[in-house]
Every structure is written in structure tokens, then in C-alpha cells.
Amino acid sequence: MEASPEYTEWGGQLVLVRWRPPPPPGLGEVLKAGLRRSCACSLQGTWAQLQALFPAVHWLRQYRPREALVGDVMSGLVIGIILVPQAIAYSLLAGLQPIYSLYTSFFANLIYFLMGTSRHVSVGIFSLLCLMVGQVVDRELLLAGFDPAQDGLGPGANRSSLNGSAAALVLGLQDCARDCYAIRVATALTLVAGLYQVLMGILGLGFVSAYLSQPLLDGFAMGASVTILTSQLRHLLGVRVPRHQGPGLVVSTWLSLLRSAGQANLCDVLTSAVCLAVLLAAKELSDRFRHRLRVPLPAELLVIVVATIVSHLGQFHERFGSSVAGDIPTGFMAPRVPDAGLMWRVALDAASLALVGSAFSISLAEMFARSHGYAVRANQELLAVGCCNVLPAFFHCFATSAALAKSLVKTATGCHTQLSSVVSAAVVLMVLLVLAPLFRDLQRSVLACVILVSLRGALRKVRDVPRLWRLSPADALVWVATAATCVLVSTEAGLLAGVLFSLLSLAGRTRHPRTALLARAGGSSFYGDPAEFEGLAPEPGVQVFRFTGPLYYANKDFFLQSLYSLTGLDVGYAIARRKERGPGEGAGEGDPVGGRDPGSGSGGASLVPAVTRFHAVVIDCAPLLFLDVAGLATLQELHRDYGALGISLLLACCNPSVTDTLRRGGFLGEDQGDVAEDGQLFPSVHCAVQAARARHQELAASNSIL
């Protein structure tokens, strides 16, 4: 600092003197400093970077087994038990075999254990991402000549043949059946999405997910849930309908279901009805007595085990033609590099997948961190979730993210750290190595029931719309537009529509912010809006204007219109009329501002209008968040026009950003101590009003002497 702060007296009161900020460093200095920090290498710095990249290295050294081990093991076992049936069920959404969902759950838990900063988030398969992956898989299967309506599950699925031999030759699929090509598409999509997320984390773009507002995410979850529900109805009914693609997917699927309703499989319908009744009843009981239950009821696992035994003993597939899961191999497949050609084909689809996965993961991590009193790093969360997609993509896995339902269960069962994820991975590993073939006769209708019951929370969000409308109609509109576009067009279009409506909502709020003329409360220094407070009186001769928003190119016209309307003076019109009359003529009777004082001399001191309702305008800049070039030009023109009419323009309560913009734009003096700045910037509205009154009195006194 070049000078220490001092207090000077003005008008018998203390006036604050601002610090003089140091000159900003040049671009060359900034680049040199950044390179110096990046290239600096030391053992301590390397260890710090390692701990930042793998937070588990840090917190494992401080782990307290007596306090946390029991809760972590319990929550890990519960999540593992929930993961197994959900992994098998969600393979229906992705159009893949159940073994790939188990792979995904295993690797995601291990990687997030090492790299995640949240202690309570459960990362793994997520219904919305499975739906998005499944839609891309279906599209690519259709383009490759496969029949997307034939699911990859079930006996004989890998014996499906190509519909077009030309597509097989072009894509090199002579030795690759339907399931083989489906997982190639899914891994290519997952790898590209993971690379996007890792790149966002490296570039420090964790803040981007904050622009996906909660109403947008809730609306997207609702719309995607309706799409998921629609896609699973064919499994509930046991009918074979085409898997539609493109806009209007939900409507087209419903029409196909209605046309095929007469061909429903009675065995699947009865099984679905029983499983839905049991699962919904178990969920309601679990919600009602959740405070008494230390561990939630593993309803999905019990239903799947019982349904598998009944289906096996009753031979539902052979006797009634009921669709079943089919052979599920054990062990791990050899790793494979995702297809580069497919990566280019799905690059655009991966962008929306990465954005949705990042937004849900970061928002859930921050939500649990706030509720449990610790901090997470958004950029590290992007790296963690990205690596949960990049590395497993080489091991036949597909896209993952944080999931709310499992995270809530994880917290409720006593989770303290991500060590519980290792326990969950161990449960999944046991299923992969030993138990997977036992689910061969599990009906797909049962898996569809598990999926539908998991959508309860998202579907119930529709009840929040009336309350959201009362709080903020703009947010309610974003919710409805996102959900409706997801259902009527597609999930990708719904996400895009939600982002656009959110930006339009934000622009609308800043384009027409609230404006008011402030008045004073008695003899105090408080100035408020008369529409909010009673007993306020306007300050004679001074108009105090408040604009509760930033001043930028989109609202500068509204700023001027509001100011002119509230003060009753359009300075541009007044100056134009004065020019038309000529400099020697006074103001007309109808002028909002009078001309010169007839009794004054011809000197330049008599610039104050003799007939006017106010002699100064004070702008309360406390709510003024920032100025852009257009906003700065607006203030400069306003200052010039008011000055031509002899009216002072003063600014009060400017934040440092606004002050710096004014100074760099030439509105104030180049140096902070200039007279121009001291006479135009004030720390409070009251100081500005007093300065305006004192200035007017001095000018009136000098005019009377002349």
C-alpha cells in the first residue's frame, strides 16, 4: 500500500478515504509466476499433489477404527446387497448384459474410494445415465443392422444375426454379435464422457455444474423417469414392441404398447403385479418406520431371490415363454481398448452424459458435505467421477455417477468414510466370482419392477411444482419445460431446453430488476423504499434512485426508462428542446427543468436551473453487482446530460468491482485521490445526499453574490 488510511473531516463529520490498490501485474508477470509454480518440484509439493489427487491417502492415515469401522462395514454390506439386484435390473435400461452392470459397480466403488472427496456419496450405476446409454446403444445397433427390439438378455441373445451384411462389412462386425457390439458402443461412450469430465476437472470447470439449477435437475429427473417407466412397461406386460428412437419416443412407445396389449404374457403380468405390490408395500413400511429400523429392508434382494427360485422351479421360461435374464458368466473378461471409430460417432452424445453425471455427482457431494459439516472440492469430484468412467471403460463398464437413493441409505446405515465402498465392492466381487449364474432364471418382469419402484422419489417430485410456482414462477417454468421436453422429445433435448430456459430466466430477472426512489426515515441516515416502509419522506431537491441488479447491455435501456419515469425528467428530451430553443432562451412553461436565473449574470457560475424539482440525483449502487462497457457508457452519458442541465449525479455504496470499472473507464479520475472521484463516490447514501445539499447551497450562495 502506498498510503495509510486516514480520516478527514468534511462538514463536521468523518469521511472515509479509500486505500489505493497496488497496480495489477502484467500478463507476462502472471504467466511467469504460473510457470514458476507449475515447474517447481519438491518432495513436499509432490506429496501434497498426491494427497490432492488421491484424498484416501490423507484420510486413511487419520482413520479411527473404533469410531467408524462398524458403521462403514454395515453400510457397505447394505449398499452391496442393494447394488446386486439394481445392477442386474439396470442392465435392461442400458440394453446390456447383467455382467457388465456388475463390473461397473465393482470398479466405480474402488476408484471413488481412492479419489472422491465426499464421505457419504455412493457412486455407481444410475438409472438416468443407464437410460441415456441405452438410447445411444439402441441407435448404434439399429445403424449397424441389428434389431434393437431384441434385448441382449436371455438365452441365445448372442446368436442374433445382422439384418444388413453391408453394415457388417463397413463396421467390421463379422465376428461380433449383438451383445458384443452393444458393449463396444457403451464403453466408447463411457470413455469419451469420462475424458470430458477429467478435462473439466483439470481446467477447473467444476463451477459449470452449478449452472444446472435444482429445478432443472428435478425436472430432468422427472422427465427421464417417465421415459424409463415407459421403456419398462413392455417387460411388465411381456410383449414385444419395437424400441423407438428419436423425438416422440415416449408417445410412440405408448401407442405400440396399446396396440400390443392383447398379446401380453399372463405369467409376466401376474408376476409383475405381485412383485410391485410387495416392493411398494415394503418401501412404504421402510419409510414409515425408518427411525426405528437401523438397516433398511432389503426388499429388492428378497424379491429377486424368491422370484428366481419360483421361476426356476416352475420353469416359467420353458412353459409360459416368460423372458428371463439368461446366462450370466462368472469372473472377469480380458480388458479391451474402446473402439476409436465409435468414440468419434458418440462424441456429441457423451457431452450431455458427462454434464448430467457431473451435475448430479457434485450437487449430491455438496449436499451431504453441508449436512455433515465438511467440505468437498468440485474439481476433484469431476476428476474422481471422470476416472470412474475412463479406467473402467477398458474393462467392459459403462457410465456411472453418484446416486441419491443409495447415498441416503449409505448415510442412514452409519457410513463415516468411503471405506464402505470397498466393502460394497467386495460384495459385488463375491457375486461376480460365485453367485452370478444363480440368477439365470430370473424374469425380466421382476427386474422391471425393481426399476419402477426405484423411480418413486423422482416421480413424487411432481408434487413440488405447486409450491415451486408459489415461490418462483420462473423456476417452476424451468421445471415444467425440462420435464415436458424430456417426455415429448428426448432426454438430450430436455436437458438443452432446461439450460436454455434457465438462462432466459436469469436474463429476464436481470433485464427488469426492481427499481425505486428512496426516501429518508425522519432525521436518521436510513433511506428505504416507501413501498416497503411507512413514514419515509423524500429528501427535498435530491432524488435517490435504486436499481437492484447489474447494469449491462441487456438492461441499460430499462435503467434509463425507470430513472426518467420515477424522477419525471427525461434528460435527453430536455437537452434536445433546449438546443431547439437556442442558448439564449429560457425554459418553457412545460419544461421539466427551467432555464437560467434571469437575474444572474452571464458568468459560468449560473448553471444551476432556477426552476426545478431537484438539483441532484444519487444512485444507490449497493445492489449494482457489476458494470459492463454498455453500462459504463450509460452512466457516462447520464453524467454528461445531467451536467448540461446543472444537475449533479452522485454514486453511493459502490463495490470495489464497480469502482474499478468506473476508474478504468474514465468515469472517475485516473488516480483514486482525484477531485472527480471524491466528488462523485460516497460510502453511503446519506453522505451523498449531504454532499449534494452542501454543494447546492454553496452554488446558490455564489449565484446570489453574483
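Definitions and cut-offs
Residue positions are given per chain, counted from 1 along the sequence in the order it is written. Side-chain atom pairs in this predicted model are given and counted only at pLDDT of 80 or more, local residue features only at pLDDT of at least 70, and totals for whole chains, interfaces and linings cover all residues. Note: side-chain values were computed over all heavy atoms of the structure, leaving out hydrogens and water. Residues grouped as a nonpolar core are buried Ala, Val, Leu, Ile, Met, Phe, Trp, Tyr and Cys residues, joined through side-chain atoms within 4.5 Å. The rule is simple: take the accessible area with a 1.4 Å probe, protein chains only, and divide by the maximum for that residue type; under 20% is buried, over 50% is exposed, in between is partly exposed. Helix and strand labels come from DSSP, where a helix needs a run of H or I of at least four residues and a strand needs a run of E of at least two; each type is numbered from the N terminus. We call two residues contacting when some pair of their heavy atoms lies within 4.5 Å. Working rule for helices: expected span equals 1.5 Å times residues minus one. UniProt positions are given in the numbering used here, feature names are shortened, and annotations may be inferred rather than shown by experiment. Two kinds of site are reported from a 1 Å grid over the protein atoms alone, namely cavities, where a 1.4 Å probe fits but cannot get out, and pockets, open sets with protein on both sides within 12 Å along at least five of seven lines, and residues are called lining when an atom falls within 4 Å of a point. Grid points are joined across faces, edges and corners, and a volume is the space filled by probe spheres set on the points. Classes in brief: Ala, Val, Leu, Ile, Met, Phe, Trp, Tyr, Cys and Pro nonpolar; Asp, Glu, Lys and Arg charged; the others, Gly included, polar. One side-chain nitrogen of Lys or Arg within 4 Å of one carboxyl oxygen of Asp or Glu is enough to make a salt bridge. At least two DSSP bridges between two strands are required for those strands to pair. A crossover gets the label right-handed when its path from the first strand over the helix to the second runs clockwise, viewed with the strands pointing away from the viewer. A fitted line through C-alpha atoms represents every axis, and for helices the fit uses only the stretch in contact; the resulting angles, taken between N-to-C directions, go from 0 to 180 degrees. Note on angle classes: values under 35 degrees are labelled roughly parallel, values over 145 roughly antiparallel, values of 65 to 115 roughly perpendicular, and the remainder oblique. Left-handed is the label given to a crossing in which the near helix is rotated counterclockwise from the far helix by less than a right angle, and right-handed is the label when the rotation is clockwise. By convention, a stacked pair of Phe, Tyr or Trp rings (six-membered ring in the case of Trp) has centres within 6.5 Å and planes under 30 degrees apart, an edge-to-face pair has planes over 60 apart, and any other such pair is tilted.

A.B. asks: Tell me about the nonpolar core, and please be specific about residues and values.
C.D. replies: In this structure, V133, F398 and L442 are the most contacted members of the largest nonpolar core, which totals 119 residues. When residues of this core are assigned to their parent elements, the largest contribution, twelve residues, is made by helix α4 (residues 65-94). Discounting chain neighbours no more than four positions away, the residues touching F398 are A94, L96, Y100, S101, T104, I125, C130, V133, A186, T190 and N389. Counting residues in each nonpolar core, the second largest holds 33 residues, with L551, F559, V617 and I619 among its members.

A.B. asks: Tell me about helix α8 (residues 178-202), residues and numbers included.
C.D. replies: When the terminal C-alpha atoms of α8 are compared, their 36 Å separation across 25 residues agrees well with the 36 Å that a helix rising 1.5 Å per residue should span. With 20 of 25 residues buried, α8 is to be regarded as a mostly interior element. Remark: G204 follows α8 within two positions and exhibits a positive phi of approximately 70 degrees.

A.B. asks: Mind laying out the UniProt feature "transmembrane region" (unreviewed entry) in the protein chain, listing which residues take part and the relevant values?
C.D. replies: With numbering aligned to this structure, UniProt lists the feature "transmembrane region" (unreviewed entry) at residues 69-90, 188-212, 262-281, 293-313, 342-362, 382-405, 417-435 and 479-504. Span residues 69-90 is 100% helix and 0% strand, its end C-alpha atoms 30 Å apart. The distance separating the terminal C-alpha atoms of residues 479-504 is 13 Å; by composition the span is 92% helix and 0% strand.

A.B. asks: Which residues make up empty space enclosed by the protein, and what values do they have?
C.D. replies: All told, the structure shown has three cavities of 30 Å³ or more when counted by the stated rule. In this structure, the largest cavity encloses a volume near 190 Å³. Every residue lining the largest cavity is counted, 17 residues in all, and those nearest its centre are D138, S231, R243, H244 and L249. Breaking the lining of the largest cavity down by element, the ones donating at least two residues are α6 (127-143), α9 (214-237) and α10 (249-260). Element by element, the count of residues in the lining of the largest cavity is highest for α9, at five residues. Residue composition of the lining of the largest cavity, grouped by class: five nonpolar, nine polar and three charged.

A.B. asks: Please provide a residue-by-residue account of the pattern of salt bridges, values included.
C.D. replies: What the rule picks out here adds up to 21 salt bridges. Between K283 and E300 there is a salt bridge, with the nearest N and O atoms lying 2.8 Å from each other. Of the two residues, K283 sits in helix α11 (residues 266-288) while E300 sits in helix α12 (residues 299-314), which places them 17 residues apart along the sequence. We note a salt bridge from R663 to D660, for which the minimum N-O separation is 3.8 Å. Here D660 and R663 lie together in helix α27 (residues 656-664), a separation of three residues that amounts to about one turn. Overlapping salt bridges bring together R139, E140, R345 and D349 as one network.

A.B. asks: Summarise the environment of L83; cite the residues concerned and give the values.
C.D. replies: Secondary-structure assignment places L83 in helix α4. Along the primary structure L83 and L301 are separated by 218 residues, whereas in three dimensions their C-alpha atoms are 9.2 Å apart. Ignoring anything within four residues of it in the chain, the contact list for L83 reads S105, N109, K406, S424 and V428.

A.B. asks: Give a detailed account of the pairing of strand β10 (residues 648-652), specifying residues and quantitative values.
C.D. replies: For a regular strand, the rule is simple: side chains alternate between the two faces of the sheet. Most of β10 is tucked away: five of the five residues are buried. Neither face of β10 is open: one carries S648, L650 and A652, the other L649 and L651, and all of them are buried. In this sheet, β10 lies alongside strand β9 (residues 614-620) in parallel orientation, the contact comprising five bridges. Looking at β10, one finds that D620 is bridged to A652. What joins β9 to β10 is helix α26 (residues 629-644), and the crossover it makes is right-handed.

A.B. asks: Explain the packing of helix α5 (residues 98-115) against helix α16 (residues 378-390) to me, using residue names and the numbers behind them.
C.D. replies: Interhelical geometry of α5 versus α16 gives an angle of 155 degrees and a closest axis separation of 9 Å. On the basis of their axis angle, the class for α5 and α16 is roughly antiparallel. In this structure, α5 meets α16 at a crossing whose hand is right-handed. In this structure, α5 contributes A108, I111, Y112 and M115 to the contact, and α16 contributes Q380, E381, L383, A384, C387 and C388.

A.B. asks: Any details on the environment of T485? Residues and values, ideally.
C.D. replies: Mapping T485 onto the fold places it in helix α22 (residues 473-488). Here T485 falls in the buried class, since its relative accessible area comes to 18%. Sequence-distant contacts of T485, defined by excluding residues within four places in its chain, comprise S490, A493, G494 and A497.

A.B. asks: I'd like to hear about the packing of helix α15 (residues 347-372) against helix α17 (residues 404-412), residue by residue, with values.
C.D. replies: Close contact between α15 and α17 brings their axes to 11 Å; oriented N to C, the two are set at 25 degrees. Our classification of the angle between α15 and α17 gives roughly parallel. In this structure, α15 meets α17 at a crossing whose hand is right-handed. The residues of α17 that touch α15, namely those facing L364, M367, F368 and H372, are L404, S407, L408 and T411. Per-class residue counts for the contact of α15 with α17 are five nonpolar, three polar and no charged.

A.B. asks: Go over the packing of aromatic side chains with me, naming the residues and quoting the values.
C.D. replies: Applying the stated criterion to the full structure yields 18 aromatic pairs. Aromatic side chains F126 and F360 sit 5.3 Å apart centroid to centroid with 65 degrees between the ring planes, which places their arrangement in the edge-to-face category. Taken together, the residues span a long stretch of sequence, with F126 in the loop between β3 (123-124) and α6 and F360 in helix α15 at a distance of 234 residues. Following the ring pairs from residue to residue traces out a cluster consisting of Y100, Y103, F106, F107, F332 and F395.

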